[in-house]
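Chain and residue survey
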Amino acid sequence: MSGTTYQVITHGKFAELTDEQRASLVAQAGEHDLFKARFTEEGTVTYEPALLTFTFRVLIPATEDDTEDLVLGRAEKLAAAAIHKLGGEYRDLRSVSTDLSKIKVKRKGR
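Here the structure is a predicted model, which is why all the values come from computation and not from measurement.

**Examining helix H2 (residues 68-86)**
Taking 1.5 Å as the rise per residue, H2 with 19 residues should run 27 Å; its terminal C-alpha atoms sit 27 Å apart, in good agreement. Turning to H2, its buried residues are Val71, Leu72, Ala75, Ala79, Ala80, Ala82, Ile83 and Leu86. Tucked into the core, H2 has its buried residues touching strand E1 (3-14), helix H1 (19-28), strand E2 (44-47), strand E3 (53-63) and strand E4 (90-99). At the exit of H2 stands Gly87, carrying a positive phi of roughly 95 degrees.

**Let's talk about the pattern of salt bridges**
In this structure the tally under the stated criterion is 3 salt bridges. Linking Asp66 and Arg74 is a salt bridge whose minimum nitrogen-to-oxygen distance equals 3.3 Å. Relative accessible area serves as the criterion here: at 16%, Asp66 is assigned to the buried category. Taking relative accessible area as the criterion, Arg74 reaches 33% and is therefore assigned partly exposed. A salt bridge links Asp92 to Arg91, with the nearest nitrogen and oxygen atoms 2.5 Å apart. Taken together, the salt bridges that share partners define one network made up of Lys13, Arg91 and Asp92.

Definitions and limits used
- As a convention, each chain's residues are numbered from 1 in the sequence order in which they are written.
- Per-residue local features of the predicted model are confined to residues with pLDDT of at least 70, and side-chain atom pairs are confined, for both listing and counting, to 80 or more; whole-chain, interface and lining totals are unaffected and use all residues.
- Hydrogen atoms and water are omitted, and side-chain values are computed over all heavy atoms in the structure.
- Helix numbering and strand numbering both begin at the N terminus, where a helix is a DSSP run of H or I of at least 4 residues and a strand a DSSP run of E of at least 2.
- One less than the number of residues in a helix, times 1.5 Å, gives the span that helix is expected to have.
- Only protein chains enter the calculation, and the probe is 1.4 Å; a residue is then buried if its accessible area is under 20% of its type maximum, exposed if over 50%, and partly exposed in between.
- Contacts between residues were defined by any pair of non-hydrogen atoms, one from each residue, lying within 4.5 Å.
- Salt-bridge detection follows one rule: a side-chain nitrogen of Lys or Arg within 4 Å of a carboxyl oxygen of Asp or Glu.

This is how it looks when you write it as structure tokens:
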């Protein structure tokens, strides 16, 4: 059985936060700067100190039988867990994916 890997980007909004949650997330914002964004199997969260929106990037391994909806669901569960681990709440998750096996690289001839 062959498989592939999907790159998934999940966008979300922070839900209403308590003053304590807000202070904690603002204090951690430097660790979640856009320049630290990476696609990994654990995923990475990026957000700005304004705490309006966040982005979660993740690699999701999949089999040929896995649907894109299943892959997106896995990514959104991981995004929700990552936001909760940071001490925040979320809403309005939406995701897009790219099947890495379908990317074509055109090389220039020399």
